[in-house]
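Results of the structural survey
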Amino acid sequence: MIKWIRNITKGHWNRAAFLASVAMGFIVALTYWEDILQNPLAGLLAGVGFGVFLIYPLVLTLMNVVLLFRKAEKTSRTTERITILLGIWYTLLYMALIEGLTGMVQYRADWQEVLFADQLHTPVWTEAWLTVGVLSGVGILGYLLLSLRDINRMPPLITVSAIAAVYIGMMVCGLWIAQVFPREFMLCLLPLNCILIGIKTIRNTVQEWQGDSGNQEKQFQWQWLNRLNGLLMNSAHWPVAGLILMVPLLGILVAVLVLFGQQPDSVIQAWTETADWNLSQRTAPPNLAYDEHYLCTVAAQGHPKVVKPLRKGMRHGHEVTVNRQLCIANAFEQVLEERLPRLHRGVRRFYDTYGFPVARLIRTEYAADVVYVLMKPLEWIFLMVLYLVDVEPENRIAVQYPHSPLQGRKLSQKPPAKLP
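Keep in mind that this is a model prediction, so the values were computed, not measured. The numbering scheme is per chain: residues are counted from 1 as the chain's sequence reads. Given that the model is predicted, a residue must reach a pLDDT of at least 70 before its local features are reported, and side-chain atom pairs must reach 80 or more before they are shown or counted; all residues, however, enter totals for whole chains, interfaces and linings. Side-chain numbers come from the whole structure's heavy atoms, not from hydrogens or water.

Put simply, the largest pocket is a space of about 990 Å³. Only protein atoms enter the 1 Å grid, on which a cavity is a set of points fitting a 1.4 Å probe that cannot get out and a pocket is an open set with protein on both sides within 12 Å along at least 5 of 7 lines, lining residues being those with an atom within 4 Å of a point. Considering the residues around the largest pocket, the lining is formed by 32 residues, among which Ser136, Ile140, Cys173, Leu190 and Cys194 are closest to the centre. A run of H or I in DSSP counts as a helix once it spans at least four residues, and a run of E counts as a strand once it spans at least two, with each numbered from the N terminus. Of all the secondary-structure elements, those providing two or more residues to the lining of the largest pocket are helix H4 (73-102), helix H5 (129-148), helix H6 (156-180) and helix H7 (189-208). Ten residues, namely Ala, Val, Leu, Ile, Met, Phe, Trp, Tyr, Cys and Pro, are considered nonpolar, four, namely Asp, Glu, Lys and Arg, are considered charged, and the remaining ones, Gly among them, are considered polar. Across the lining of the largest pocket, the residue classes tally to 22 nonpolar, 7 polar and 3 charged. Grid points are joined across faces, edges and corners, and a volume is the space filled by probe spheres set on the points.

Next up, the structure:
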């Protein structure tokens, strides 16, 4: 077994890194999971999961740091491709599974929106996503141009322009890291590796240039062109020249983006017109608290067009969003407590046991919409019972939870009938 591993990893650093990550994953699983030997299949999956999704990204980052100081072109190119492809996949997977299921970061919610419990607003201003996306795309194009084309067959000015584009992409990556670190450490790995790859690509570009004697001897009519040609023919000047050229290139991109509705300072506002993050300059309104109730959670979290919130109300000392479904359910529980107290205690005990854990899982608007729809048949049953046993069921429904009148809606001045 050891000989087989040695044979397949000899001269293949990426294979060795992957297998070492899986091995470390098993060690982590053994350390934190005492019953792993009693359930080998679960232990195998846990080890692979730890190794592939937690340790391997860190190992790839370490390899990119090492390859900054070592000349191993074949290994470096392979590592770059693996890092970029897996990094994009891991990032999307993390955002979809971790952030999507917990609803911690609301990527479509700007700082003005009221969120709930421990939710966070988007780290990038939603109106500037186009700016961030275009600048990132320009950086990717610059990297592809430098890494896939033969440098010695490209004019030096094109090469310097590609270096400037890579600088712009690295700038976006640096701003993202400065915005979300250390709260979202896993989302910092891909941009950090992109910065390392960008530095390494520029270094390799400078080293690969062999010069062009024809262009070097060429003389122009204007002296400043001769001087510029001499500077660009020396690849040692390219990193600084790319940094200088980045400024006008960035200006051109901003001017084009303005034509598509972006603001001239969207590059800065993308990070400052936010709340809850390191570069944020806005203060968000306080988050509302969750209520430990299926329907309160639905009313607070669902899309307004689906769950149809009516107003704010007070429950257990904190403000909650109230919709008709919630009022009907609470009125039904009130009737059940008045008419059948023993049955009510049993229902309440059952809900306290099984309802709260399920309610804690409802952390996204889409999940809340699904629960709202599933609760519709029960809502109709509750409403039917209220109309059968109560003299004025709508009055009972209306007085659920203290509230202030809705803006733009006239409420009856007649006091509600006394409840039976």
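Having seen it, we continue.
What follows is about the pattern of salt bridges. A side chain of one charge can pair with a side chain of the opposite charge if their charged atoms are brought near each other. Any carboxyl oxygen of Asp or Glu that lies within 4 Å of a side-chain nitrogen of Lys or Arg is treated as forming a salt bridge with it. The final tally for this structure, using the stated rule, is 9 salt bridges. Put simply, Asp150 and Arg153 hold a salt bridge, and the shortest N to O gap is 3.8 Å. For Arg153, a relative accessible area of 71% puts it in the exposed group. The partner of Arg282 in a salt bridge is Glu273, with the nearest N and O atoms 3.0 Å apart. For the exposure calls, accessible area comes from a 1.4 Å probe over protein chains only, and a residue counts as buried if that area is under 20% of its type's maximum, exposed if over 50%, partly exposed in between.

The subject of this paragraph is the packing of aromatic side chains. Think of a pair of aromatic rings as described by two things: how far the centres are apart, and how the planes are tilted against each other in angle. Only Phe, Tyr and Trp rings take part, Trp by its six-membered ring, and two of them pair if their centres are within 6.5 Å. Stacked means planes under 30 degrees apart, edge-to-face means over 60, and tilted covers everything else. All chains considered together, the criterion is met by 7 aromatic pairs. Their ring planes at 90° and their centres at 5.3 Å tell us that Phe18 and Tyr56 sit as a pair that is edge-to-face. Pair noted here: Phe18 is in helix H2 (residues 13-32) and Tyr56 is in helix H3 (residues 40-67), with a separation of 38 residues, a long-range link. By relative accessible area, which is 35% here, Phe18 ends up partly exposed. Assessed through its relative accessible area of 4%, Tyr56 is described here as buried. Ring pairs connect the aromatic residues Phe53, Trp89 and Tyr90, which therefore count as one cluster.

Every angle, taken between N-to-C directions, lies between 0 and 180 degrees, and every axis is a line fitted to C-alpha atoms, over only the stretch in contact when it is a helix. Taken N-terminus to C-terminus, the directions of H5 and H6 make an angle of 135°; their axes are 7 Å apart at the nearest point. When the axis of H5 is compared with that of H6, the two are oblique. The element H5 and its partner H6 pack so that their crossing is left-handed. Contacts between H5 and H6 pair Val132, Leu135, Ser136, Val138, Gly139, Gly142, Tyr143, Leu145 and Leu146 from the former with Ile158, Thr159, Ala162, Ile163, Ala165, Val166, Ile168, Gly169, Met171 and Val172 from the latter. Here the residues of the contact of H5 with H6 sort into 14 nonpolar, 5 polar and no charged. Roughly parallel means an angle under 35 degrees; roughly antiparallel means over 145; roughly perpendicular covers 65 to 115; every other angle is labelled oblique. A clockwise turn of the near helix away from the far one marks a right-handed crossing, whereas an anticlockwise turn of less than a right angle marks a left-handed crossing. Should any heavy atoms of two residues lie within 4.5 Å, those residues are considered in contact.

Attention shifts here to unusual backbone geometry. At the junction of Phe181 and Pro182, the peptide bond is cis and its omega measures out at 0° in the coordinates. Positive phi, normally seen in glycine, also occurs at Asp276, with a value near 85°. For Asp276, the position within the fold is in the loop between helix H11 (266-272) and helix H12 (294-301). For Lys308, which is not glycine, the phi dihedral falls at a positive 55°.

A separate point is the confidence of the model for the chain. Per-chain confidence: the chain averages 80 in pLDDT, with 77% of residues scoring 70 or above. Per residue, pLDDT captures the predictor's confidence, and it can take any value from 0 to 100. pLDDT under 50 marks residues 404-420. Its contacts with residues more than four places away, or in other chains, come to 15 contacts.

Here we take up the side chain of Thr79. Checked against the element boundaries, Thr79 lands in helix H4. Once residues within four sequence positions are removed from consideration, Thr79 is found in contact with Asn14, Leu60, Met63, Asn64 and Leu67.

Moving on: empty space enclosed by the protein. What the rule picks out here adds up to 1 cavity of 30 Å³ or more. The computed volume of the largest cavity comes to approximately 50 Å³. Taken together, the elements giving at least two residues each to the lining of the largest cavity come down to H5, H6 and H11. Counting residues per element, the lining of the largest cavity draws most heavily on H11, which supplies 4 residues.

With that settled, the discussion passes to helix H10 (residues 238-259). Given the number of residues in a helix, its expected span is that number minus one, multiplied by 1.5 Å. With 22 residues, H10 should reach 32 Å at 1.5 Å per residue; the first-to-last C-alpha distance of 31 Å fits that figure. Along H10, the largest kink reaches about 30° and is centred on Met246; proline Pro248 follows within four residues of it. Within H10, burial applies to Trp238, Gly242, Met246, Leu250, Leu253, Val254 and Leu257. Trailing H10 by a residue or two, Gly261 shows a phi angle of about 95°, which is positive. Take the seven residues that end at a residue and the seven that start at it, fit an axis to each, and the angle between those axes is the bend at that residue.

Attention now moves to the side chain of Gln262. Mapped onto the elements of the fold, Gln262 is located in the loop between H10 and H11. With near-sequence residues (within four places) excluded, Gln262 lies in contact with Glu127, Ala128, Leu130, Thr131 and Leu257.

The next thing to look at is the nonpolar core. Where a protein is soluble and globular, its nonpolar side chains tend to be buried together. Take the buried residues of types Ala, Val, Leu, Ile, Met, Phe, Trp, Tyr and Cys, join any two whose side-chain atoms come within 4.5 Å, and each joined set is a nonpolar core. If you look at the biggest cluster of nonpolar residues, it comprises 45 residues, and the most contacted ones within it are Leu135, Trp238 and Trp271. Listing elements by their share of this core, those giving two or more residues are H5, H6, H7, H10 and H11. Considering each element in turn, this core owes the most residues, 14 residues, to H6. With near-sequence residues (within four places) excluded, Trp238 lies in contact with Ile151, Pro156, Thr159, Val160, Ile163, Thr205, Val206, Trp209 and Leu232. Membership of the second largest hydrophobic core comes to 14 residues, among which are Val322, Ala329, Phe382 and Ile397.

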